[in-house]
Amino acid sequence: MATVGQACLILALGLCAYGAGASIAGARAGREGLVISGRRALYALVLVTTIAFAILEAAFLRSDFSYTVVATHSSTTTPWYYRFAAAWSSQEGSLLLWLWLLSMWSALAVFLLRGRLRDVAPYATAVLLGLGAFFSALLLFTASPFATVAQAPFEGVGLNPLLRHPSMMIHPVMLYSGYTLFSVPFAFAVGALIVRRVDAEWIRSTRFFALGAWLALGFGIILGARWSYAELGWGGYWAWDPVENASLLPWLTGTAFLHSVMIQERRGMLKVWNASLVLTTGVLCILGTFLVRSGILDSIHAFVQEGNTIAWAFTSLICVMTIASVYLVVSRRRDALRSEARIDSFLSRESMFLANNLVFVGLAFVVFWGTFFPLISEAITGDKAAVGPPWFDRYTVPLVLILVLLSGIGPVIAWRRSSASRLWRSVRAPVIFAAAVVVAVLVLVSGAPSHHLTMLLLLFALFAIGVAVQELWRGMRARQAMTHSGPVVALGGLVKRNRRRYGGYIVHIGIAVLFIGVALSSAFDGSRDIRLKPGGSVTVKGYTFTYVKPTGRIAQRAGELERIELGSRVRVTKDGRTVATLEPSRGYYPVNAPMMGVLSRYFEGESTSEIGLKGGAIRDLWIAEQPDISALQRKVKRADALFVQLVRSGRIKMTQAAEVRDLTLQRFVRDYAASPPPAQFRVIVNPMVQWIWIGATIVFLGGLLCLWPAPGTVRGRVRAGYAARVAQDLGRA
């Protein structure tokens, strides 16, 4: 089957090369047959990449260690659902996933838009197939997932324990879906610029894919934040890691694009700006993929890369995309990209949207500069210096404050021209609501007056929520008056008739709620790092954490020892009342090294933190433990030496070795639980952090509402496609 998979990659490269060439030749010569042939090559690409990906997944699920990638990223003790996800935990598998998703989304776009943008589509198809050719070539010549060995090992290395989390099964797929979906508007923007057809039609045609990309990428980012909070054992959800930042960059520019295209659709403005934004977003998606694989910046998310082939390949692609994008925009700026109108007044929705865009781009620039500062400083000074979270916070917090404020003003200010008095009448109620809540917080919450920026962000976020709720309320009341229906029916009908507008309001509410969670959890959290013996306790923010007793167990899967868990039971009380019982632990996974001791290898491999968490709408109780196993490791090493002597002397037969090993490890775990040394704990009381995940859920629901096609859209597309085919037949006649 590995040969079939490799053959599929060869076919994929051939299909991409042929399809791109046929599409361009057909567009330039006006030969419809070649254009259709290029489109069908894209459909065929979906088939061959699906077969290749299915072959790789089957190899992981059946633990076929003759595949090098399976042997190095899976094992028989890895649960089947994590074996399924392990396919994209590797360099090779993730590149194949990227190619597969790119082919599917590209084929879907070309299929749905057939008959529309007939002059643009062939060039867009060629761009998408060109990207497919790049990834096919990488898989064939630098990182083949179908490389095999003649003698398969008995056991695999196993999946990195840090990736054994439900979020990691979905997080990479969502990120890659976002990256590949953004390739669609990028490709159609290139095609529109080539043929100088840059009206709003290409924007309307690709909005579904731009919005889907934004939604998938945002969902992937949030899943990564949740994984960090629940798995890494440091208690945070965002560390300004280079790979985290790389996924945030296209999301920021993509968000700016989704806002600014409204101005082009309504008034024919900002054509240069919109083209630049969507092309930049496409380049940043490739940059994000590049950072994970190049190893040029240190990150816990990056793949280990030996050699510079992939790094140089991605660098070349990014340079080509950037140079081509700049050329297309500059060469079309005076004719095709000329604006049809100008901003009439500072107090207008156009100016608010433009300011919103500038803030998003400013945020993207700050994140980009901070992320690549180690390379910039090394190029200038020779020293590879890095900036930390305080540097990012210093510049991003003021920009976020402005952004949240603008998200409240934008929906209520008029197009073209408004006045201060009219704007005040529109925002008066939300301002009073936000101010009243902030004053109440200042009075009731100790320490709140000293957190000026937090209170300001809270004020602006509540203002944005108030504006969105006010607009939903006004629309509902107006529809009630027209239809004489109840409030729920009226609200449902209102949203159904204008999903894009009111879904956007829901997204604004979710973003504001998310920022409230970020601000309050960052400003008012309490944490302690402390070493405790059983019976010891520590108090954080009025909650007392008491180390009740140690715990230990051996987890087995498929008859083999999967991991050893050493942890504790911790009781949490407040005012003498028990509010939670938490059980943090540390899981130790064996290392697959024949030269390692029979017992020692179970403590020398990767380990992962399993946190104790009691979540709530008001606060999270969070605890992680680092057991002290130094004394246990010394005992294990002595037991290893004795174990070898007994085997060599024949007192332990080889058929009994596994049973004796398991019994010995169980005894060590019981001994640790009976008389444990002090353990190191990190204890956090995190207020309002749950509102980050609640806000993200609201954003997701609002985004889905915007994405959901309006009634009649599908029928309209069918009629348009039928009309296009009839026109084509008449033209042939």
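As shown above, the structure is provided for reference.
Conventions and cut-offs
- Residues numbered from 1 in each chain as written.
- Predicted model: local features only at pLDDT ≥ 70, side-chain atom pairs only at ≥ 80, totals over all residues.
- Heavy atoms only, no water.
- Helix = DSSP H or I, 4+ residues; strand = E, 2+ residues; numbered from the N terminus.
- Contact = heavy atoms within 4.5 Å.
- Buried < 20%, exposed > 50% of the residue type's maximum accessible area, 1.4 Å probe, protein only.
- Pairing = 2+ DSSP bridges.
- Core = buried A, V, L, I, M, F, W, Y, C linked by side-chain atoms within 4.5 Å.
- Patch = residues over 30% accessible without salt bridge, like charges linked within 9 Å, V, L, I, M, F, W, Y side chains within 5 Å.
- Areas by Shrake-Rupley, 256 points an atom, 1.4 Å probe, with all protein chains shown as cover.
- Salt bridge = Lys/Arg side-chain N within 4 Å of Asp/Glu carboxyl O.
- Phe/Tyr/Trp six-rings, centres within 6.5 Å; stacked < 30°, edge-to-face > 60°.
- Axes fitted to C-alpha atoms, helices over the stretch in contact; angles between N-to-C directions.
- Parallel < 35°, antiparallel > 145°, perpendicular 65-115°, else oblique.
- Left-handed = near helix turned anticlockwise from the far one by under 90°.
- Nonpolar A, V, L, I, M, F, W, Y, C, P; charged D, E, K, R; others polar.

Among the structural elements, Gly220 can be located in helix H8 (residues 201-231). Between the alpha carbons of Gly220 and Asp662 there is a distance of 40 Å; along the sequence they are 442 residues apart. Residues in contact with Gly220, not counting those within four places in the same chain, are His171, Met174 and Leu175.

Here the focus is the pairing of strand S6 (residues 585-588). Burial of the side chains of S6 extends over both faces: Ser585 and Gly587 are buried on one face and Arg586 and Tyr588 on the other. Summarising the sheet, strand S4 (residues 560-574) and S6 pair through four bridges and their orientation is antiparallel. Bridging across to S6, Leu566 finds its partner in Arg586.

Once that is clear, we can look at the nonpolar core. Core analysis: the largest hydrophobic core is formed by 182 residues, its most contacted members being Phe135, Phe146, Trp202, Trp214, Ile286 and Phe314. Non-local contacts of Phe135, meaning those with residues more than four positions away in its chain, are made with Leu95, Trp98, Leu99, Ile286, Thr289 and Phe314. In terms of nonpolar packing, the next biggest core, distinct from the first, is built from 18 residues, Val570, Val572, Ala580 and Ala679 among them.

A few words now on a nonpolar patch on the surface. A cluster of nonpolar side chains, namely Met1, Val4, Leu47 and Ile51, defines an oily patch on the protein surface of about 380 Å² accessible area. In this structure, Val4 sits in helix H1 (residues 2-29).

Attention now goes to the packing of aromatic side chains. Scanning all chains against the criterion turns up 26 aromatic pairs. A ring pair is formed by Trp202 and Phe257, whose centres lie 6.3 Å apart and whose planes are at 25 degrees; its orientation type is stacked. Separated by 55 residues along the polypeptide, Trp202 in helix H8 and Phe257 in helix H9 (residues 242-267) bring together distant segments of the chain. Here Trp202 and Phe257 have matching classes, each one buried. Measuring from centroid to centroid gives 6.1 Å for Trp238 and Trp240, while their planes differ by 90 degrees, and the two rings are edge-to-face. Residue Trp238 is classed as partly exposed on the basis of its relative accessible area, which comes to 23%.

The geometry of H8 relative to helix H20 (residues 690-707) is characterised by a closest axis approach of 10 Å and an angle of 165 degrees between their N-to-C directions. One way to sum up the angle between H8 and H20 is to call them roughly antiparallel. Considering how the two elements wind past one another, H8 and H20 form a crossing that is left-handed. Here Phe208, Leu211, Gly212, Trp214, Leu215, Phe219, Ile222, Ala225, Arg226 and Tyr229 of H8 come into contact with H20, specifically with Gln690, Trp693, Ala696, Val699, Phe700, Gly703, Leu704, Cys706 and Leu707. Here the contact of H8 with H20 is composed, by residue class, of 15 nonpolar, three polar and one charged.

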